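The primary structure of each chain is shown beneath.
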Amino acid sequence: MKAYALTHVGKVRTGNEDAYYLPKGGERFCAVADGMGGHRAGEVASALAIEILSRCLREAAQPGEDALRAAVERANRAIYEAAAADADKRGMGTTLTALWFDASCAHLSHVGDSRAYLLRNRALMQLTNDHSLVGQLVAQGELTPSQARSHPRRNVITKALGTDRHVMPDFTTVDRLPGDVWLLCTDGLSNLVRDSELTKLMQGGGTWPEKLQKIVDLALTRGAPDNVTALVALGPEEGRSDG
């Protein structure tokens, strides 16, 4: 599995509460997380989610929804317990979007408003639903995606890891085809860069690290009030991952 990632603090924030995981030798999973909470608690929550998820998936016998569900639940419990034990971290939480390949399918777990996209046959498909106030309004037809990007409450999420004792993530399984490209990103990117622009840049020239740089740079030119993280995974080809 080849995967590449790039993160940037953005133009306004002083710290980066995003986190990501790139596969190490032989691994077939990756993830992004976007933390929230004061006193740097968001940074703690996203890092803890990535740490627990990756450890659980390394220990799992085989890819699949059951193992992915157990890993996400363990990550949720760890964040929840860490928040309960430290007053400075009360209420901390994080999004988590994780992708795990088996021989023929991709298993996707999602909580929050980070996103997963699939570029297939020159068309970009959003595979996740935003667990956010504006995401609900878009689904109900009360807002357009364009209006959602500038809505004053666009950062209000309705589901996250660590904010409750138990969490109910979304799970999706998608067949893998040659030439597929998967994009995981935080809302610091998706709020500023349109799907049509992502499609064009992903299909453009250059290496994948160069393409990711162009994607993140576009968000930065638009002010980037939030942290910006993008991760690309390629399948079904296997190989070494680079950051």
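Conventions adopted
- Each chain carries its own residue numbering, running from 1 in the direction its sequence is written.
- Thresholds applied to this predicted model are a pLDDT of at least 70 for local features of residues and 80 or more for the giving and counting of side-chain atom pairs; totals over whole chains, interfaces and linings are not thresholded and use all residues.
- Based on all heavy atoms of the structure, the side-chain values leave hydrogens and waters out of the count.
- A score between 0 and 100, pLDDT records how confident the predictor is in each residue.
- The criterion used for residue contact is that any of the two residues' heavy atoms lie within 4.5 Å.
- Note on pairing: two strands pair once DSSP finds at least 2 bridges between them.
- Put simply, DSSP H or I for four residues or longer makes a helix, DSSP E for two residues or longer makes a strand, and each gets a number counted from the N terminus.
- Angular values range over 0 to 180 degrees, each being the angle between N-to-C directions of two axes fitted as lines to C-alpha atoms, with helices fitted over their stretch in contact.
- To estimate the expected span of a helix, subtract one from its residue number and multiply by 1.5 Å.
- The buried label applies to any residue whose accessible area, calculated with a 1.4 Å probe on protein chains only, is under 20% of its type's maximum; exposed applies above 50%, and partly exposed to all values in between.
- Each direction from the helix axis to a C-beta atom contributes to the arc, which is the arc of those directions.
- Buried Ala, Val, Leu, Ile, Met, Phe, Trp, Tyr and Cys residues that are joined via side-chain atoms within 4.5 Å together make up what is termed a nonpolar core.
- Convention used here: angles under 35 degrees read as roughly parallel, angles over 145 as roughly antiparallel, angles from 65 to 115 as roughly perpendicular, and any remaining angle as oblique.
- The sense of a crossing depends on the near helix, which, turned anticlockwise from the far helix by less than a right angle, makes the crossing left-handed and, turned clockwise, makes it right-handed.
- Polar contact is defined as a pair of N or O atoms within 3.5 Å, subject to the rule that within protein one atom must be able to donate a hydrogen and the other to accept it, and that residues adjacent in sequence are counted only when both atoms are side-chain atoms.
- Two rings from Phe, Tyr or Trp (for Trp, the six-membered ring) form a pair when their centres sit within 6.5 Å of each other. Planes less than 30 degrees apart are called stacked, planes more than 60 degrees apart edge-to-face, and all others tilted.
- Distance and angle both matter: a charge sits over a ring if NZ of Lys or CZ of Arg is within 6 Å of the ring centre and within 35 degrees of the ring normal.

Peer 1: A description of the confidence of the model for the protein should follow, citing residues and the corresponding values.
Peer 2: Per-residue pLDDT for the protein has a mean of 90; in total, 88% of the residues score no lower than 70. Counted against residues more than four places away or in other chains, residues 238–243, with its pLDDT under 50, gives 18 contacts.

Peer 1: Please set out the sheet that holds strand β11 (residues 228–234) residue by residue, giving values where relevant.
Peer 2: Strand order in this open sheet of five strands is β1-β11-β10-β7-β8, and the pairing throughout is antiparallel. Pairing within the sheet leaves two strands with one partner each, and these edge strands are β1 (2–8) and β8 (123–126). The mean inter-strand angle of the sheet, taken between neighbouring strand axes irrespective of direction, is 20 degrees. Where strand β10 (residues 181–185) and β11 come together, five bridges link them in antiparallel fashion. Note that in β11 the partner of W182 across the bridge is A233. Of the strands in this sheet, β1, β10 and β11 touch helix α7 (residues 208–221), which is tilted by about 25 degrees from β1.

Peer 1: Give me the lowdown on helix α2 (residues 65–85), citing residues and values where you can.
Peer 2: For α2, spanning 21 residues, the distance from its first C-alpha to its last is 30 Å, which sits close to the expected 30 Å at 1.5 Å a residue. Among the residues of α2, those classed as buried are L68, A71, V72, A75, N76, I79 and A83. Buried residues of α2, seen end-on, are gathered within an arc of 135 degrees and therefore sit on one face of the element. α2 presents D66 and A85 as exposed residues on the side facing more than 90 degrees away from its buried surface. In this structure, the buried side of α2 is in contact with α1 (41–59), β4 (93–94), β5 (96–101), β6 (105–111) and β9 (170–175).

Peer 1: Describe in detail the nonpolar core, supporting the description with residues and values.
Peer 2: Side chains of nonpolar character tend, in soluble globular proteins, to be buried together. If you look at the biggest cluster of nonpolar residues, it comprises 28 residues, and the most contacted ones within it are I50, L53, L57, L68, I79, L96 and L161. Mapped onto this core, the elements with two or more residues apiece are β2 (18–21), β3 (29–36), α1, α2 and β5. Per element, the largest residue contribution to this core is nine residues, and it comes from α1. Excluding residues that lie within four positions of it along the chain, I79 makes contacts with A45, L48, A49, M92, G93, T94, L161 and G162. Core analysis: the second largest hydrophobic core is formed by 24 residues, L119, V181, C185 and L234 among them.

Peer 1: Describe the packing of helix α6 (residues 195–203) against α7, naming the residues involved and giving the relevant values.
Peer 2: For any two helices packed against each other, the geometry comes down to the angle between their axes and how far apart the axes lie. Relative to each other, α6 and α7 sit at 155 degrees, their axes nearing to 9 Å. The angle between α6 and α7 falls in the class roughly antiparallel. Considering the relative orientation of α6 and α7, their crossing is right-handed. Listed contacts from α7 to E197, L198, L201, M202 and Q203 of α6 are W208, K211, K214, I215 and L218.

Peer 1: Could you give an account of the environment of D66, naming the residues involved and the relevant values?
Peer 2: Here D66 shows up in helix α2. Residue class for D66 comes out exposed when judged on its relative accessible area of 64%. The spacing of D66 and F171 is 105 residues in sequence and 10.0 Å in space, taken between C-alpha atoms.

Peer 1: Could you give an account of the side chain of S114, naming the residues involved and the relevant values?
Peer 2: For S114, the location among the structural elements is in the loop between β6 and β7 (115–120). Of the polar contacts made by the side chain of S114, one reaches the side chain of T95; its length is 2.7 Å. Discounting chain neighbours no more than four positions away, the residues touching S114 are V32, D34, T95, T97, T128, D130, C185 and T186.

Peer 1: How would you summarise the packing of aromatic side chains if you had to cite specific residues and measurements?
Peer 2: Under the defined criterion, the tally for this structure stands at two aromatic pairs. Over the face of the ring belonging to F101 we find R176, whose NZ or CZ atom lies 4.2 Å from the ring centre. Geometry around W208 places K211 over its ring, the cationic atom sitting 4.1 Å from the centre.

Peer 1: How would you sum up the side chain of T229? Please name residues and give values.
Peer 2: Looking at the secondary structure, you find T229 in strand β11. T229 gets classed as buried once you look at its relative accessible area, which sits at 0%. Here the side chain of T229 touches T7 through a polar contact of 2.6 Å, side chain to side chain. Separated by 2.7 Å, the side chains of T229 and D18 make a polar contact.

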